[in-house]
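# Structure at a glance
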Amino acid sequence: MIPAQFDYVRPAAMHEALQILVDHEGDAKILAGGYSLLPLLKLRLASPTLLVDIHDIDGLDEIIETTDGLRIGSRATHRRIHENPVVQNGYPLLVDAAGGIGDPQVRNWGTIGGSCAHADPSSDWPAVLIATRATVVLQSVSGERSVAARSFFIDTFQTAIEPTELLTEVIIPRAPRPSGAAYAKLERRAGDFATVGVAAQLSLGPDGRISAAGIGLTAVAETPFAATAAEAALVGQEPNEATFQAAGVAAAAESRPGTDAHGPVEYKRAMVKEMVVRALRSAAGRALAQR
Amino acid sequence: MTTQHIQLTVNGEVREADVEPRLLLVHLLRDVFLLTGTHIGCDTSNCGACTVLIDGESAKSCTMLAVSAEGRSIKTIEGMADGAKLHALQQAFWDQHGLQCGFCTPGMIMQASWLLARNPDPTETEIREGIAGNLCRCTGYVNIVKAIEQAATELRAPASTDAPAEPAAVS
Ligand SMILES: Cc1cc2nc3c(=O)[nH]c(=O)nc-3n(C[C@H](O)[C@H](O)[C@H](O)COP(=O)(O)OP(=O)(O)OC[C@H]3O[C@@H](n4cnc5c(N)ncnc54)[C@H](O)[C@@H]3O)c2cc1C
Ligand code: FES
Ligand code: FES
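Once that is clear, we can look at the overall build of chain A. Looking only at helices and strands, one finds 12 helices and 14 strands in chain A. Relative to the globule expectation of 19 Å for 291 residues, the C-alpha radius of gyration of chain A, 19 Å, shows essentially globular dimensions. Considering only C-alpha atoms, chain A reaches an extent of 55 × 45 × 30 Å along its principal axes. Within chain A, the proportion of its 291 residues that are buried is 53%. Within chain A, residue pairs in contact and separated by at least 24 positions form 66% of the contacts whose partners lie at least 6 positions apart.

Next comes the structure, spelled out in structure tokens:
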């Protein structure tokens, strides 16, 4: 189908883009990779009057490791993140997640910023940012602000971004070592959105017990969310099968899946438990390898 | 809504057009440039029939605006053969019966050319993952995988022997 009409601009600089968002407040939409926005326009589920293509703005796709952790520019594509050497060496959770998003063409063009701003309830990056307690950085003409990922995703397709703001980067803090993290995604067919997606991160204390835990779930509520009951079930415990099972049971209880083409509610809850256990096994294995 | 003037390279040739911002790249290719080898199989960016290379990266041309392609270099199925000599991938799809109705074939071949440019010696699993964004309703994929394997072998062969038409696009 053909989208409804709109105007299109491709500003060369950030300050221009931010000013356009002010001048057209509420009517303008940012265009990044287009792999969520264009399908919506084609199906006429969205009808902005102006698209602001951010492709020419420099510096928005960098991936740098700093003392804060890993800073990923909003326009970094899933593929760029997946193949980045720093990510490959130190962030296996991101490698797991990026490699499983959609299909190769989606990974070539889709971006982490677009994914987070779009906030599809089944998207993968939000679960990762929630598990790692990442920060989302937003910029507008009046300055910059940071929002914790845990308060950024508000509801289906709804985030803390104001219409005049542009998401510039996400910052993933370094977890205290030894730590390990993993992403477990259940999908019906290759390239599908998740039926259940689980991002898990664990740190181990000197006594070998779990000292910190982060679990982000996707596709099993109105928006990706932190499984805080499961996290509580992990902290202070030995990283063993009984602990993982208990966390899986807690996560299943706190998820709020709906019945859809991916399956009924009971099935999804059972899968939450199983995928949480799998993600934790893998995360714990990676943490133990760091000791 | 005003039209915008764009200039881009298509299969090595500089092309220009005045387009509405809402025009999709696939419609620019098919309806304006009459390059109808690129197909449209869905409305949801799922099927991959419209796959082309944009600056060497495979993309679904139904999921990019023509105006966003301004200044970029596009390669479509029409840019693969060298005159009458088919590209190694086209010949391999023929040899291995990698197509039945042929609707998915242009997208499959463009996606496979992207894959082989990055990974000249893929395993069967890597081929299957590489074409995961391209749906075929006819073949069951087995012969498509065989065709890509055949082309990979030929494209890896030293140029001095039976020279392939040209190397796949480099990203
Ligand atoms: C076939 C298919 C399969 C897919 N499978 C998956 C999957 O398995 N998992 C998954 O997570 N995703 C999947 N996706 C979605 C894909 O990852 C999208 O690319 C991604 O969600 C959006 O990124 P984008 O750069 O394409 O954003 P766009 O489509 O350009 O934009 C999406 C939204 O975000 C806004 N936006 C974009 N960038 C910014 C910014 N910097 N600041 C503020 N707002 C911004 C836009 O205005 C728009 O509202 C799939 C998509 C397709 C077509
Ligand atoms: S036409 Fe189906 S993905 Fe482009
Ligand atoms: S040959 Fe018919 S869809 Fe692939």
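Let us now look at the overall build of chain B. Within chain B one finds five helices and five strands. Ordered by position from N to C terminus, the α and β elements of chain B give β-β-α-β-β-β-α-α-α-α. Relative to the compact-globule value of 16 Å for 171 residues, chain B shows a C-alpha radius of gyration of 16 Å, a close match. Seen through its principal axes, chain B has C-alpha atoms that stretch 50 × 35 × 25 Å.

The subject of this paragraph is the interface of chain B and chain A. On the chain A side, the residues contacting the 22 residues of chain B number 25 residues. Of the residues contributing to the side of chain B that touches chain A, the split by class is seven nonpolar, 10 polar and five charged.

This part covers the site of ligand 1. The local shell around ligand 1 holds 33 residues, among which G33, Y35, G102, G110 and G114 of chain A are the closest. Near ligand 1, residues from chains A and B are present, making the site a shared one. Contributing elements (two or more residues each) for the shell around ligand 1: β2 (28–31), α2 (37–42), α7 (112–118) and β10 (166–173) of chain A. Of the residues in the shell around ligand 1, the class split is 15 nonpolar, 15 polar and three charged. Both domains that furnish three or more residues to the shell around ligand 1 are identified here as domain 1 (7–53) and domain 2 (63–173) of chain A.

Between its first and last C-alpha atoms helix α12 (residues 265–289) of chain A spans 36 Å; for 25 residues at 1.5 Å apiece the expected length is 36 Å, and the two agree. Buried residues of α12 of chain A: K268, M271, V272, K273, M275, V276, V277, A279, L280, A283, A284 and A287 of chain A, and no others.

This paragraph deals with the nonpolar core. Residue and element names in this part refer to chain A. Ranked by size, the top nonpolar core spans 139 residues in total, and within it V198, A199, A200, I215, V276 and A279 carry the most contacts. Examining the composition of this core, we find that 10 residues originate from one element, α12, more than from any other. Here A199 is in contact with L93, A97, A127, V128, I130, A131, Y183, G216 and A279, once residues within four sequence places are set aside.

All names here are of chain B. Two numbers describe how helix α2 (residues 88–95) lies on helix α3 (residues 105–118): the axes approach to 10 Å, and their chain directions differ by 125°. One finds that α2 runs oblique with respect to α3. The two elements α2 and α3 cross, and the hand of that crossing is right-handed. Taken together, the residues of α3 that come into contact with α2 (itself represented by L89, Q90 and F93) are T105, I109, A112 and S113.

The next point concerns the sheet that holds strand β11 (residues 179–186) of chain A. All names here are of chain A. Spatially, β11-β12-β13-β14 is the arrangement adopted by the four strands of the open sheet, whose pairing is antiparallel. Two strands close off the open sheet at either side, each with one partner strand: β11 and β14 (225–226). Sheet topology note: the β11/strand β12 (residues 196–204) ladder contains eight bridges and is antiparallel. For A182, the partnering residue across the bridge sits in β12 and is A200. Helix α5 (residues 92–99) rests against β11 and β12 of the sheet, and its axis sits at about 15° to β11. Against the sheet, α12 makes contact with β11, β12 and β13 (210–218), and its axis sits at roughly 150° relative to β11, the strand it touches most.

Let us now look at the domain arrangement of chain B. For an interface, size is often stated in terms of accessible area lost upon the parts coming together. Residue and element names in this part refer to chain B. The domain architecture assigned to chain B consists of domain 1 (4–79) and domain 2 (88–156). Between the C-alpha centres of domain 1 and domain 2 there is a distance of 21 Å. Taken together, the contact pairs 13 residues of domain 1 with 11 residues of domain 2. If one sorts the elements of the side of domain 1 that touches domain 2 by residue count, strand β3 (residues 51–54) sits on top with three residues. Residue composition of the side of domain 1 that touches domain 2, grouped by class: six nonpolar, seven polar and no charged.

What follows is about the confidence of the model for chain B. Per-residue confidence for chain B averages 94 on the pLDDT scale, and 92% of its residues sit at or above 70. Interface confidence in the predicted complex, given as ipTM, is 0.94; pTM for the same model is 0.95.

This brings us to the sheet that holds strand β4 (residues 63–66) of chain A. All names here are of chain A. Taken in spatial order, the five strands of this open sheet run β4-β5-β10-β6-β7, and their pairing is antiparallel. Lying at the two open borders of the sheet, with one neighbouring strand each, are β4 and β7 (143–148). In this sheet, adjacent strand axes meet at a mean angle of 25° when their direction is disregarded. By the bridge criterion, six bridges tie strand β6 (residues 135–140) to β7 in an arrangement that is antiparallel. In the strand pairing of β7, S140 is matched with G143.

What counts, and at which threshold
Residues numbered from 1 in each chain as written. Chains lettered and ligands numbered in written order. Predicted model: local features only at pLDDT ≥ 70, side-chain atom pairs only at ≥ 80, totals over all residues. Helix = DSSP H or I, 4+ residues; strand = E, 2+ residues; numbered from the N terminus. Rg over C-alpha atoms; globule rule 2.2 N^0.38 Å. Buried ≥ 20, exposed ≤ 12 C-beta atoms within 10 Å, placed from the backbone. Contact = placed C-beta atoms within 7 Å. Nonpolar A, V, L, I, M, F, W, Y, C, P; charged D, E, K, R; others polar. Near = placed C-beta within 6 Å. Domains from an automatic or database assignment. Expected span 1.5 Å × (residues − 1). Core = buried A, V, L, I, M, F, W, Y, C linked by C-beta atoms within 7 Å. Axes fitted to C-alpha atoms, helices over the stretch in contact; angles between N-to-C directions. Parallel < 35°, antiparallel > 145°, perpendicular 65-115°, else oblique. Left-handed = near helix turned anticlockwise from the far one by under 90°. Pairing = 2+ DSSP bridges. pLDDT = per-residue confidence, 0-100.

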